[in-house]
Structures are given as structure tokens and as C-alpha cells.
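# Close look at the chain arrangement
Here is what each chain is made of, one letter per residue.
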Amino acid sequence: MTNKFSLEKSLSIVENNTKRFFQEYIIGNSNIRFSFDDIENAFPLFLCFFGNRIISKKQLSLALDKISCMQNKTVKNTKTLKLSEYVRRLGLIALFYEEIRIYCQIILKHIELEKAIYSDERIRNLGIGLLDNSLSGFIIVPKKTKDKSLADNIIRRNLFYNDNIYRTVQCLVRISLMFGCKNKINRQSVINYCAQNIPAATVLFGDAKPEYIAQALGGLNFSLAVIANKNLASVKYIKAKDGFDNVVFFKNNDEIIDKAIETRNIRINPDLSRFPVGFSDTFQGQIIKDKDLLIDFPVGSTCELLVDKPSSFVHDGKIELIGHELDKIVYNDKNNRFFILLEVAFKNETSRFNAVLERQIHRFINYIDGVSHRGQKDFFSLSISKDAFRKGLRLKDIAFFIYAMLHKEYHSIVSKVQIKIVTDKKEFEKQLKKTKVIYSSRLLKSFKLTDTYVKEFYSCSICSSFVLNHACIITPEHPGLCGSYSFDDARIAFRIDPSGASRPIKKGKIISRRLGQWQGINEFVAKTSKEKIKNINLYSIMQSPHTCSACFECIVLVLPEVNAVMAVSRDYNGNTPMGLGFTELAELFEYDKQSPGMICSSRIFLLSKKFIAAEGGLDRVVWMNSSLKQFLLKHNGFYFKNDQLKNSLRKIADEHNCITLKGLGEFISRVKHPCLGMKNII
């Protein structure tokens, strides 16, 4: 960065300039008044390091002498001091000189106070922002850059952006004196408070002036990390053992702010104060009526995905839109598409969190007033109201809200997030094809364990805002009804957030192995449903079956006329042998009540050996839509032998064979379906 000689030379120039300024403008001036409106702690660096307030010309002169003495002593002991201590001391001296110069200019009214430093009111607001997490931290770039994207990159992450090192350092010190220090003249308490509570970093590019470099090194005393461009002359710097006072070099200017955030461990708190509409968990479950609807993206036109990426591939806060915004999308157009891709850099760089955080998209979007999200993955619908649009809400705002909430709730594991929204149909189809491959790879990991192998199951209450008395019971062989959460996902979700939607449930004593009933699960369900449901069977459709969520993938329904069941998935728009389509069948459910003869489930559950095992499992199914058949064949994995599953599906009718009960009866007789030899289901 600089060598000892150039640092000493630079400091000598600063010293001479400051003393000359003092001699010419201060000494002979009889009208000087050493008081400052709206500032309790003037000359804050000198105050916290020397314990003296400067309130006269004489004290100011003594202060200059003390600083010069400290400088001479430091330079004299250059051979005995560690390099890290040496550069920090000289840097601190540079800040002392800058403090005297700035305050003298204010005293002489050469500059306005608020332009040079900040009033106590401003300092108080910044301190409160740090305490309530409405401010992420401080980033200093000591030059007037023409790179607007750099400033935007800082501001969109709710970081306080400044181009003056001393102004920021004295700001940190005054926040410490105002909020954290029991003893106002104890410099160690100031240093400790800055290290623990005020995350800040200085960014130095190759054209940084020598005085900026010196001041930046002085900022190291207050844990103001220095991020330096490789173009600067190199300096050996020994990192201190404690705190964040280190110098980090970077190559790529695009990653400079990311490197500063990472080095100083700054927790990002994106600013939602100007979000165009209200947001809260109380808006979950809202219903947008047709007359109030601006746009509706139905199932089949939507997709969402969260993937992990290496940190260098993710630009935090970047939001890209491919296609039209809401103001150019036509209501009820069959070509309307919506795809949202979240690319996340995790602090531990693991893909185990992908499905868990992807499921939070549903929850976060439903926090927004005037927006409704129903379903998951490529099985959801998205509705936006006219009122939300009139208030200024756009698709990019929805993406920003998700970005902000991920940082807010998962800051311990999430490092960076960038989001892409696609409304262009051609690009949507391209992304959907890639996404389905990722979905498939996740699903093939299901059912590795069995329900008897584990001692506890998990609950999931993400849909509780839609269905108050319902909670999914997730087991190794009974995945979440939405199809997004496997047993492993629920377990990981609990580890990430023990107070979140997923909680462990002790199974307790087994009551019925055939039906899938345990004492511990019954107790949990009774408590969750406020005693409306006493017991639940995970493996039965007829006896005390599982309640229904709002985001299920399939409906499974008993057909007493043929002593069997049918299954229909959310993506099917045609008729069924019941004479009703998926939407009409879904309206038959009383979601938080048990409905013997009807259950909702994930698609993958149909491949589980526990799928309605009490009534015969997959052998009891006589009809399902063809797209569901294709899904089961594609994701069969090791559940069935391929020939076995194909033979079973050949004996199950779909919409190409029949859509009436009469036609279904003829079909099962012709193929000699297994249900013909089974006990009566009712």
C-alpha cells in the first residue's frame, strides 16, 4: 500500500500544513469561539485518546504538541514496533491532524458544520439505525467516483456511504460515546464498542492520495477494515490477532463491496422503508377477488427456483427482469409467464439449504399486501391486485422484498443473493426445462430412510396462515403435502431456524403400525388443532386421515362405485370420472378438518410404500391423469422396479382411456385391475 518512508513523508506534509494553518489563521485571531451548536463531543478522537476537551487556543496548541510528540516517538521506535502497530499509530496521528484542521475550519466558518461533520441529532439517528438493524454499516470510498453502480451497490444494501475517512471515523467515535461507553474518556471502551457494534470498512483504489492511505490505516484502530486495490504499491501488513483491523487486497472491482462486507462481517439489512405497499405476516391468506385482480399467473405458467452459487458468481442485490413489467402484461393472456430464480451464495457453500429457502418464497410473497401466492415450485399461482399496482408495486419490488427477507431472516447462512425474473415466454420455457432437471435430482433423494428408523417426525406450518388448524406431518415416508419438503429438508429447516415453521415431534408409543398412528403425533395434532382433531393416521384415506394444506400437489379421492381411488394433480385442467376437475374437487375439502375418503398429498408420496397402505397403496388407484403417470415414471428411482411400476400404471386409466365412471368400470374389468379382488374400501 505504501512503505514506511512514504508514510512518514506523507504524515510530515500533513503535520506542516496543519501547523501552518494553525499559525496563520488561529493564533492571531481574537474572535475565535470554541463552542459548537448541536455537538456535545467536539474533537472526539483527541477526547477519547487523551481525555481532554479542547475549548481554547491554548489547549489546541497543547494538543498539537502532544500529537507531534506522539509522532516523533513512533518514528524513533520504528525498529522496535511491530509493523501492524507502527502503521496504525502513524495512521491515527494523521487522523488527529485532520481533526484539528477540520474543526479549525469550522471555527473560522470556512466550511459549514454539517458539511464537515455531523450534528448530534444525525449521529443519534445513525446509532439508532445500527441498534434497530435499519442500517447495515458504513462503507467509505475516499474519492468522488463517477461509477454510479458502485454507489448504488452500497446504498441498495442499506450501507451508509461516505467519501471522507475522518468524517466517518469521528462519526463512529461519537456513536460510541453516545451509546456505548460508560467512561467517556476511556479509549479502550470506544475501540471495543466500534469493533463489536459498528461494522465499517474503507475501500482504497489505485489512485488514492497518500493522506487517504494514512487516514485509512488510522481507521484500523477502530476496526475499520481496509480493502485495497492491487494497483496500490504493496505494503507488508501483519494482521492483528483480535478485531477486524486488517488490510485485504482485491483484484476485481466488481467484487470490492462484497469483499468489504465479507471482511468486516457486515450483516446486510436492506431498506424496506420505501416499499410501495404494506407488508406483514398478517397479510398471509388474503384473497384477491376477481374484480380487484390486475394479473393472475395460473399453475402451468409459473416456476420458482433457488440454487446455490459460488460467491464470485453472485452480485448481492442485483435484480434482473427478462421480459415485460406489470404495466405491459395483459390480463388473462395465455402467453403470460412468471419465473423467479434466486441465486444464493451461502456462507458455508452448501446446497442442503436450497429446497428449504426456496419454500420461503411462498411465505415472503404472501407477506405483501395485494399479492397472493398459492403452491410451490412449478405448481403455484401468483395473483396481484389492481390496488397494489396503483400504489407502485412492480415485479422488481417483489424480488427486492424476497432479497431483503432472506438477508433479514437467514443472515447466519446467507452471504449474497441475486434474483432474476422472467416473463418472456421463450426464456421461460428454456429456464423451466433446466429447473425440472434440478427438481428431479432433489426428489430422487427422498425415501432413503423409513418411518420406523427415526425417533421423531417433523411438522411444517408454512401454510398455517391459510389453514389455521392444520400442520403437515413430515416423515421419511410421508413427505410434505406441497412436495417441496422431504424429511431431510424439514430437519435442515429446523436446524437453520429452531423457532421457524418446522419443529421436531417425538413419535411416542405406536398405536397402529398399519394405519400409521403414534401417541406423540396425536398429542401434537390435538394441540395444533385446539382439540378439534384427536388422532391422525398417516397411511389411511378412510380412517382419521391427514388434514389438508393450501399448497398440495394432488387430490386422492375414493370412488365407491368401483371400490377404488383416483388421483389427480394440480396441473390437470380436464375432467375426471367424478365429473369434476381439480379446482372443483379442491373446493370439496374442508382444509383443517379430516375428510374420510379424501386426502391431499404430494405427487412423490404416491411412490411411497406408505401411500394409503391401509387400503392397498398404489394397487388401489384406478385412475390418474397422464401427466401424473409420467411424473411417477420419471421419479421412480429405487422405490419400485421399473417393470413393476410400468405394469401397475398400465392398469390405471387416464384421461385418454376414460373420464366417466361407466367407462372406468369397463376399463378396470378389461385390464383385471387388482382392486377387483380387494376388500370393500367403505
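About the cut-offs
- Residues numbered from 1 in each chain as written.
- Predicted model: local features only at pLDDT ≥ 70, side-chain atom pairs only at ≥ 80, totals over all residues.
- Heavy atoms only, no water.
- Phe/Tyr/Trp six-rings, centres within 6.5 Å; stacked < 30°, edge-to-face > 60°.
- Helix = DSSP H or I, 4+ residues; strand = E, 2+ residues; numbered from the N terminus.
- Buried < 20%, exposed > 50% of the residue type's maximum accessible area, 1.4 Å probe, protein only.
- Lys NZ or Arg CZ within 6 Å of the ring centre and 35° of its normal.
- Polar contact = N/O pair within 3.5 Å; in protein donor to acceptor, adjacent residues only side chain to side chain.
- Contact = heavy atoms within 4.5 Å.
- Pairing = 2+ DSSP bridges.
- Axes fitted to C-alpha atoms, helices over the stretch in contact; angles between N-to-C directions.
- Disulfide = S-S within 2.5 Å.

Now for the packing of aromatic side chains. Within this structure, the stated rule accounts for 23 aromatic pairs. Between the aromatic rings of Phe-50 and Phe-96, the centroid separation amounts to 5.5 Å while the plane-to-plane angle is 50 degrees, which identifies the pairing as tilted. In this pair, Phe-50 sits in helix H2 (residues 44-50) while Phe-96 sits in helix H4 (residues 83-107), placing the two residues 46 residues apart along the sequence. Using a relative accessible area of 27% as the deciding quantity, one classes Phe-50 as partly exposed. One Lys or Arg, Arg-570, reaches over the ring of Phe-552 and ends 4.9 Å from the middle of that ring. Here Arg-603 stacks its cationic end above the ring of Phe-631, 4.1 Å away from the centre of that ring.

Attention now goes to the side chain of Ser-176. For Ser-176, the location among the structural elements is in helix H8 (residues 165-180). Within the structure, Ser-176 has its side chain in polar contact with the backbone oxygen of Leu-172 (distance 2.9 Å). With near-sequence residues (within four places) excluded, Ser-176 lies in contact with Cys-181, Val-190, Tyr-193, Cys-194 and Ile-198.

This brings us to the sheet that holds strand S5 (residues 247-250). In a beta sheet, neighbouring strands pair by backbone hydrogen bonds and run either parallel or antiparallel. In space, the five strands of this open sheet follow the order S2-S1-S3-S4-S5, with parallel pairing throughout. The outermost strands of the open sheet, each flanked by one partner alone, are strand S2 (159-162) and S5. Across the sheet, the axes of successive neighbouring strands diverge by a mean angle of 25 degrees, strand direction being ignored. Here strand S4 (residues 224-229) runs beside S5; their pairing, made up of four bridges, is parallel. Within the sheet, the bridge partner assigned to Val-226 lies in S5 and is Val-247. Sheet strands touched by helix H7 (residues 148-155): strand S1 (137-140) and S2. Its angle to S2, the strand with the most contacts, is close to 145 degrees.

Summed over all chains, the structure comprises one disulfide. Bridging Cys-548 to Cys-600, the disulfide has an S-S length of 2.4 Å. For the disulfide bridge between Cys-548 and Cys-600, the dihedral angle about the S-S bond is near 140 degrees, and by the sign convention the bridge is right-handed. Of the two residues, Cys-548 sits in the loop between helix H17 (519-528) and strand S18 (554-559) while Cys-600 sits in strand S20 (residues 598-601), which places them 52 residues apart along the sequence. Like Cys-548, the residue Cys-600 is buried in the burial classification. The thiol of Cys-482 is not disulfide-bonded; the next cysteine sulfur, from Cys-460, is found 6.3 Å away.

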